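Coordinates in review
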Amino acid sequence: MFDLKLIEKFYKNIDSNIKHIRTKINKPLTLSEKILYLHSSFDIEDFKRGKDYVEFNPDRVAMQDATAQMALLQFMMANKNQVAVPTTVHADHLIQAKNNSEDDLTTALDVNSEVYDFLSSVSSKYGIGFWKPGAGIIHQVVLENYAFPGGMMIGTDSHTVNAGGLGMIAIGVGGADAVDVMVGMPWELKFPKLIGVKLVGSLNGWASPKDIILKLAGILTVKGGTGSIVEYFGEGAKNISCTGKGTICNMGAEIGTTTSTFGYDDSMERYLIATGRKEVAKLANNIRHHLTGDDETYNNPEKYFDEVIEINLSELEPYLNGPFTPDKATPISQMASEAKKNDWPIDVEVGLIGSCTNSSYEDISRASSIAQQAIDNKLKVKSKYTITPGSEQVRYTIEKDGLIEIFNQIGGTVFANACGPCIGQWQRKDAEKESKNTIVHSFNRNFAKRADGNPNTYAFVGSPELVTAIALSGNLGFNPITDTLLNEEGKEIKLTVPKGFELPPNGFQVEDQGYQSPSDKSENIIIEVSNHSDRLQLLNPFEKWDGRDLLDLKLLIKAKGKCTTDHISMAGPWLKFRGHLNNISNNLLLGATNFFNNKVNLVKNQITNEYEETPNVARYYKNNKISSVIIGDENYGEGSSREHAAMEPRYMKVIAVIVKSFARIHETNLKKQGILALTFNDKDDYNKILEDDQFNIFGLKDFQPGKNLNCEVVHVDGSKDKIILNHTYNYNQIKWFKAGSALNLIAENND
């Protein structure tokens, strides 16, 4: 068991600490507030939600291999001998799904050996736990081994929020934020607003925990939760399994939330015991009242939350969300008509289940019950079908319990315990032909090109059991509640409701979890990075601000519409360069649409007047020491926590990103890397920006919190528009900008 002493100490002091908090804040507290105040490094006061920046001391840091490379390269620059808090690295992102788990893992170990050796040796040297390739997806492994009620952690992946299913405040961050905590500094966050979601009734029939968050995404949209924590409560919440809660919290990232969480209850106790943490469950039971919101906050939620939403689980039906955005929510009863109305491809080519969102034993067992019905009733599967287990512990257990054999009998392919197709690590046959097609999956995101690189793949998100049923039918509009399937004998078969097990009836089993402990002889470990490597590159500090206003900035791109971190820094085949800043920068804004020609990856070079690929223009500006600006639309940078989407433009001499609004993590990542993250005071000013414009930004000599900056937009005909730019910088963040980056400031302070 991991972290028992840490948890014992935290729980031992929680009663006195909560009493102290109550002396400072004389009101009932939500669970989110309790955890935030318990981890605050500031003197306790009634912090203003959505306004006050507060520093926190998280209990733990977790990193996945794609983001860990850059984070660890930055940590190495901080001149520390060991990490200051418990930290882990999880090798889950670099395994490409193609054939099957065994072949794909073997290939990954060969192709990625340089990166795996680097992560393993750096982890051993600096006191970091390393979960080897094949051990599982970071968020499932964290839930099984590290998450604990009332704790706080950060992770370099936006779906770190998954741990809220076990009552944590778990937040996705960029690598520079992780480095702050790893070197022993507090971590800064604007004190979140609170959204309370009251769950009444109980799930039944085909409805699942996934459908709760799919419905909520339709209510709040992809940015409705920005700057907020979603806290679920009510009798309905208590009736959901711990891993079901994890699914709900996981997809909270898709509505922009800072994180989501649930109060401690019996389902969490059962899960802790089942995953070998009986001692933690006993400790939590003794302080159960501290590990949930005060009764008053749930009895009168409108007084204590900034927004309250109620969902009746008894009336909830299955949802399919998509295509191209996770907040386009369609009840399954309406999907057939919606597909026809919108001309969505009705034939489903592939059904995919698993991923960090839905790979628990409960998920797999419910899906297997549908697969078993296909076998029993001689139903032929119309779509290809894949399964991605979330961890070796889950994979080993479902194999022992015969569930993998059920999937094999219907022609399913089991991929490695890794992210795979969910993040674009899927070598799908013929995807390069870019044919129009539909897939359904139980993942969390469905942006264009995300799964297979094909912009014409219409991806829809649903529960594993619904995905399985639709794969049997091969039809996007199939509603298992009302529709029937024709079997091999010509008989109509109506599927019965899925059945599964919250936890394995025979307990979890595993032979080798795939964990590597840090070395006790770290001083003997030498970290070497070859100058000739195309996978890894040591970092050089970014240049400091020169103390002057910014003049004659060129326009790199005016991005139109949705511009996620996938559009800014694509994953898939580019993941192999995540540890090499120069090489990964060749994908800068590959997926962004140019406002002026409505084309992807084609912008005007203001010096040559030629249209070129976006990274090539950025590289031209960099090589000629020309600073540039990115203009963006609403919720710019939504999606992943990848800081490469901030480091790449910084490396290419982008000095400012000016948008209508930011996604939280990306805004912070830009600030950390020394880029000005600015918003239009008047969003209509976005329309004033023309293709040949240059920019002058004034007011930096008196840069301070709450004071706007001024921008002069110089048009090609010599006319000018003056616009006001807002920002959310505090004093410390302004120091990041002046130093050139947050890491530069850390290095200065350590000298």
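This text follows the structure it describes.
The shown structure was predicted, so the numbers you read here are calculated from the model rather than taken from an experiment.

Before going further, it helps to spend a moment on helix α6 (residues 138-145). Most of α6 sits inside the fold, with 8 of its 8 residues counted as buried. What α6 keeps buried is the set Ile138, His139, Gln140, Val141, Val142, Leu143, Glu144 and Asn145.

In contact at an axis separation of 11 Å, helix α3 (residues 65-76) and helix α5 (residues 113-126) are set at 50° when each is read in the N-to-C sense. Classified by the angle between their axes, α3 and α5 sit oblique to one another. As α3 packs across α5, the resulting crossing turns out to be left-handed. In contact with Asp65, Ala68, Gln69, Leu72, Leu73, Phe75 and Met76 of α3, α5 contributes Val115, Tyr116, Phe118, Leu119, Val122 and Tyr126.

What helix α12 (residues 278-286) keeps buried is the set Val280, Ala281 and Ala284. The arc that holds every buried residue of α12, seen down its axis, measures 100°, which confines them to one face. What points out from α12, more than 90 degrees from its buried face, is the exposed set Lys282 and Asn286. Considering only its buried residues, α12 is in contact with α1 (4-24) and α11 (266-274).

A general trend in soluble globular proteins is that nonpolar side chains are found buried together. Judged by nonpolar contacts, the single largest core of 225 residues is most densely connected at Leu199 and Leu589. In terms of residues, this core owes the most to one element, α3, which gives 7 residues. Other than its neighbours up to four places away in sequence, Leu199 contacts Ile212, Tyr232, Phe233, Gly234, Glu235, Gly236, Ala237, Ile240, Phe262, Ile311 and Leu313. Listed in part, the 10 residues of the second largest apolar core include Phe415, Ile439, Phe443 and Ala451.

Right, let's talk about the environment of Val89 for a bit. Inspection of the secondary structure puts Val89 in strand β3 (residues 87-90). Owing to a relative accessible area of 0%, Val89 belongs among the buried residues under this scheme. C-alpha separation for the pair Val89 and Met77, spaced 12 residues apart in sequence, amounts to 18 Å.

By the definition in use, this model includes 40 salt bridges. For Asp3, the salt bridge identified is with Arg60, shortest N-O distance 2.8 Å. On the criterion of sequence distance, the pair formed by Asp3 in the segment before α1 and Arg60 in strand β2 (residues 60-64) is long-range, its members being 57 residues apart. In terms of burial, Asp3 and Arg60 fall into one category: buried. With its nearest N and O atoms 3.0 Å apart, the salt bridge here joins Lys672 to Asp177. Taken as a pair, Lys672 in helix α23 (residues 664-672) and Asp177 in helix α7 (residues 175-182) lie far apart in primary sequence, 495 residues in all. For Lys672, a relative accessible area of 3% translates into the label buried. Given a relative accessible area of 5%, Asp177 falls into the buried group. Among the charged side chains, a network of salt bridges with common partners joins Lys27, Glu33, Asp46, Arg49 and Asp306.

On to the sheet that holds strand β5 (residues 152-155). On the basis of which strands lie adjacent, the open sheet formed by 6 strands has the order β6-β5-β2-β3-β4-β21 and mixed pairing. Of all strands in the sheet, those bounded by a partner on one side alone are β6 (169-172) and β21 (515-516). Both β5 and β6 contribute to a ladder of 4 bridges, which runs parallel. Across the sheet, residue Met152 finds its bridge partner in β6, namely Ile169.

Buried residues dominate strand β14 (residues 348-354), accounting for 6 of its 7 residues. Pairing between β14 and strand β15 (residues 384-388): 5 bridges, direction parallel. Looking across to β15, one finds that Ile353 is bridged to Ile387. Handedness of the crossover joining β14 and β15 through helix α15 (residues 361-376): right-handed.

What follows covers the side chain of His139. Relative to the helices and strands, His139 resides in helix α6. Looking at His139, its side chain comes within polar contact range of the main-chain oxygen of His159, at 3.2 Å. Setting aside residues up to four positions removed in sequence, His139 forms contacts with Asp157, His159, Thr160, Asn162 and Cys356.

Residue Pro323 follows Gly322 across a cis peptide bond; omega there is 5°. The residue Asp430 is not glycine, and still its phi comes out positive at about 70°. Mapped onto the elements of the fold, Asp430 is located in the loop between β16 (413-414) and β17 (437-441). Even without being a glycine, Asn635 presents a positive backbone phi close to 55°. Inspection of the secondary structure puts Asn635 in the loop between β25 (628-632) and α22 (644-651). For Asn635, a relative accessible area of 5% translates into the label buried.

Rules of the game
- Residues numbered from 1 in each chain as written.
- Predicted model: local features only at pLDDT ≥ 70, side-chain atom pairs only at ≥ 80, totals over all residues.
- Heavy atoms only, no water.
- Buried < 20%, exposed > 50% of the residue type's maximum accessible area, 1.4 Å probe, protein only.
- Helix = DSSP H or I, 4+ residues; strand = E, 2+ residues; numbered from the N terminus.
- Axes fitted to C-alpha atoms, helices over the stretch in contact; angles between N-to-C directions.
- Parallel < 35°, antiparallel > 145°, perpendicular 65-115°, else oblique.
- Left-handed = near helix turned anticlockwise from the far one by under 90°.
- Contact = heavy atoms within 4.5 Å.
- Arc of directions from axis to C-beta.
- Core = buried A, V, L, I, M, F, W, Y, C linked by side-chain atoms within 4.5 Å.
- Salt bridge = Lys/Arg side-chain N within 4 Å of Asp/Glu carboxyl O.
- Pairing = 2+ DSSP bridges.
- Right-handed = clockwise from strand over helix to strand, strands pointing away.
- Polar contact = N/O pair within 3.5 Å; in protein donor to acceptor, adjacent residues only side chain to side chain.

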